[in-house]
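Analysis of the macromolecular model
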Amino acid sequence: MTTDYTFAVDRTTVDPWGPTHFPTPGRRLRRLLRNIQTAHHSGLIRRRDHFTRLYLCSTEARILAAQEANRALEPWKRLSAEKVTELAHGLDPWRGSQELVQVRFKVKPNGDSRPTVEFGPEHRALQYLVVPLLRATASLTTDQSGTRGGTHAALSRAASGMKKGFRWGFHIDIKNCF
């Protein structure tokens, strides 16, 4: 005797691996990012790209990115929980965003002005979605103090260089690079 079961499934909310594969939130994402990093540093480009696609298509990654983007907004611009979920399911990193970006010019004390860019929730969510991938695949050196510990790391690196006998150092900053 055979029984057919038919289920009505909303494909936007179902994770293909099911809830049993990640008992704690974020465990699968951490594993994916670790696999991306390992494949990247081993030179396994196709494997890295495969895990990258899995990460970008992950419902969990999109929801976490949308929640983080919503927290980064000013309190009066934050979305409701339903809108955050809707935003997460609509994210497509390959399509990008059609959301408008506000550009304002901030006047400096010397009279010059510099452009500031204000992104909406969709742009921010896409940025938060991609940041872990950049961290997993970026090959940054310890000399890049802006991304690796800030000025304290730079000063300790300079002090250790002076102890080793170095007499010269350079501070390089790219002007107007945002």
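Please refer to the structure higher up on the page.
My aim in this report is to walk through the structure given alongside it, one point at a time. (Residues numbered from 1 in each chain as written. Predicted model: local features only at pLDDT ≥ 70, side-chain atom pairs only at ≥ 80, totals over all residues. Heavy atoms only, no water.)

1. Overview of the side chain of S97
- Mapped onto the secondary structure, S97 falls in the loop between α4 (81-90) and β1 (102-107).
- In terms of polar contacts, S97 uses its side chain to reach the backbone amide nitrogen of E99, at 3.0 Å.
- Within the structure, the side chain of S97 is placed 3.3 Å from the side chain of E122, a separation counted as a polar contact. (Helix = DSSP H or I, 4+ residues; strand = E, 2+ residues; numbered from the N terminus. Polar contact = N/O pair within 3.5 Å; in protein donor to acceptor, adjacent residues only side chain to side chain.)

2. Digging into a positive patch on the surface
- A cluster of basic side chains, namely R27, R30, R31 and R34, defines a positive patch on the protein surface.
- Tracing the sequence through the fold places R27 in helix α1 (residues 27-42).
- Its relative accessible area of 41% is what places R27 among the partly exposed residues. (Patch = residues over 30% accessible without salt bridge, like charges linked within 9 Å, V, L, I, M, F, W, Y side chains within 5 Å. Areas by Shrake-Rupley, 256 points an atom, 1.4 Å probe, with all protein chains shown as cover. Salt bridge = Lys/Arg side-chain N within 4 Å of Asp/Glu carboxyl O. Lys, Arg positive; Asp, Glu negative; His and termini not counted. Charge placed at Lys NZ, Arg CZ, Asp CG, Glu CD. Buried < 20%, exposed > 50% of the residue type's maximum accessible area, 1.4 Å probe, protein only.)

3. Some thoughts on helix α3 (residues 59-72)
- Compared with the 20 Å implied by 1.5 Å per residue over 14 residues, the 20 Å span of α3 between its first and last C-alpha is a close match.
- In the core, the buried residues of α3 are packed alongside α1, α2 (45-57), α4 and α5 (121-137).
- Where α3 starts, the residue carrying a side-chain oxygen 3.3 Å from the main-chain nitrogen of E60 turns out to be S58. (Expected span 1.5 Å × (residues − 1). Contact = heavy atoms within 4.5 Å.)

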